[in-house]
Amino acid sequence: MPQTNNPDKIYRQYQQNTQEFQFDKTVADVFSDMIKRSVPGYENIVEMIGVLTQAHAQQDSHCYDLGCSLGASTLAIIHNLGDKNCQVIGVDNSAAMVEKCLNNLNKIKTNINYQIECQDVLEIDFKPASVIVLNFTLQFIPLEYRDDLLRKIYNALLPGGILILSEKIQFSDTYKNELFTDIHHAFKKTQGYSDLEISQKRNALENVLIPETKETHLNRLQNAGFEHSDLWFQCLNFASFFAIKNTTKNTIKSTINN
Ligand SMILES: C[S@@+](CC[C@H](N)C(=O)[O-])C[C@H]1O[C@@H](n2cnc3c(N)ncnc32)[C@H](O)[C@@H]1O
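So, how was this worked out
- Residues numbered from 1 in each chain as written.
- Predicted model: local features only at pLDDT ≥ 70, side-chain atom pairs only at ≥ 80, totals over all residues.
- Helix = DSSP H or I, 4+ residues; strand = E, 2+ residues; numbered from the N terminus.
- Expected span 1.5 Å × (residues − 1).
- Pairing = 2+ DSSP bridges.
- Right-handed = clockwise from strand over helix to strand, strands pointing away.
- Near = placed C-beta within 6 Å.
- Nonpolar A, V, L, I, M, F, W, Y, C, P; charged D, E, K, R; others polar.
- Contact = placed C-beta atoms within 7 Å.

J.: Just checking my understanding: could you explain helix H6 (residues 174–190) for this structure?
T.: Along an α-helix, residues three or four apart share an orientation, since each turn contains 3.6 residues. Relative to the 24 Å expected for 17 residues at 1.5 Å per residue, H6 spans 24 Å between its end C-alpha atoms, a close match to the ideal helical length. Phi turns positive, to about 95°, at Gly192, one or two residues after H6.

J.: Help me understand the pairing of strand S3 (residues 113–118), please; the structure alone is not making it clear to me.
T.: The side chains of a regular strand alternate between the sheet's two faces. Sheet topology note: the strand S2 (residues 87–92)/S3 ladder contains six bridges and is parallel. Its bridge partner being in S3, Val88 is matched across the sheet by Tyr114. For the segment spanning S2, helix H4 (residues 95–106) and S3, crossover handedness is right-handed.

J.: Whenever I open this one, the site of the ligand confuses me. Can you help?
T.: The environment of the ligand is formed by 21 residues, the closest being Phe23, Gly67, Asn93, Ser94 and Asn135. At the level of elements, helix H3 (72–78) and S2 are the ones that each hand at least two residues to the shell around the ligand. Of the residues belonging to the shell around the ligand, the class tally is twelve nonpolar, seven polar and two charged.

J.: When you look at the environment of Asn237 in this model, what are you seeing that I'm missing?
T.: As for its placement among the helices and strands, Asn237 is situated in the loop between strand S6 (228–235) and strand S7 (238–244). Placed 24 residues apart in sequence, Asn237 and Thr213 show a C-alpha to C-alpha distance of 9.5 Å. Apart from residues no more than four positions distant in its own chain, Asn237 is found in contact with Lys168, Ile169, Gln170, Phe180, Thr181 and His184.

So, in structure tokens, the structure goes:
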């Protein structure tokens, strides 16, 4: 995707007091590099968001990318709508992210209608949607608002519509939790991050990114009303779920064939 790939060096130097992590300009400037080197499987998930969009986007509906950051998933949606007349809406409450996202999208040629809004996802007045993406965003929403947001998303989706939810996850089994955390840190080291960078970023994120278990996510999706949901991707402690509003397999097939 057309993005500048500035290297993430934010936590390279020792910081006496690590500040809480924020999606400010410093992060937005290096975010593309940061997320690829921090989230194993990220690029694979973004590619699959495109594939799932092809299968579920419906004519004359809206497609949302909630917490769109620099627009990687927004672009995956746009590039996979074919000739479906959909309006794509990216939303992020970080002004720095929105500015860069708009720059990225302005570089592509497309007939698809899109808009990028600087807004809190909790305040969206959703329009009828066939695809809604929460790609590593829900984990930053305070726990007490997560159920309501998912219910709003379910209500906004048309029959056959899909929510794609990707999250860092934790495990109720302490051994597994530590094992996956250690392997994730080993992954980050292969990506060029030092022990200092890994531990300072971990401290910065501690009270900001609140992971939940797979079971909590699947229960929440079911309680929100989704008739079909499952885990479709997991690499270490990173996972992606799909949740579909009342449809049969045949409806999906006919959407793909159209
Ligand atoms: C890890 S990034 C998401 C990555 C992006 N979805 C992608 O696929 O590349 C999380 C994003 O969610 C945004 N965010 C966090 N809380 C938000 C909220 N309440 N409303 C809107 N955006 C939010 C942050 O500003 C940040 O850009």
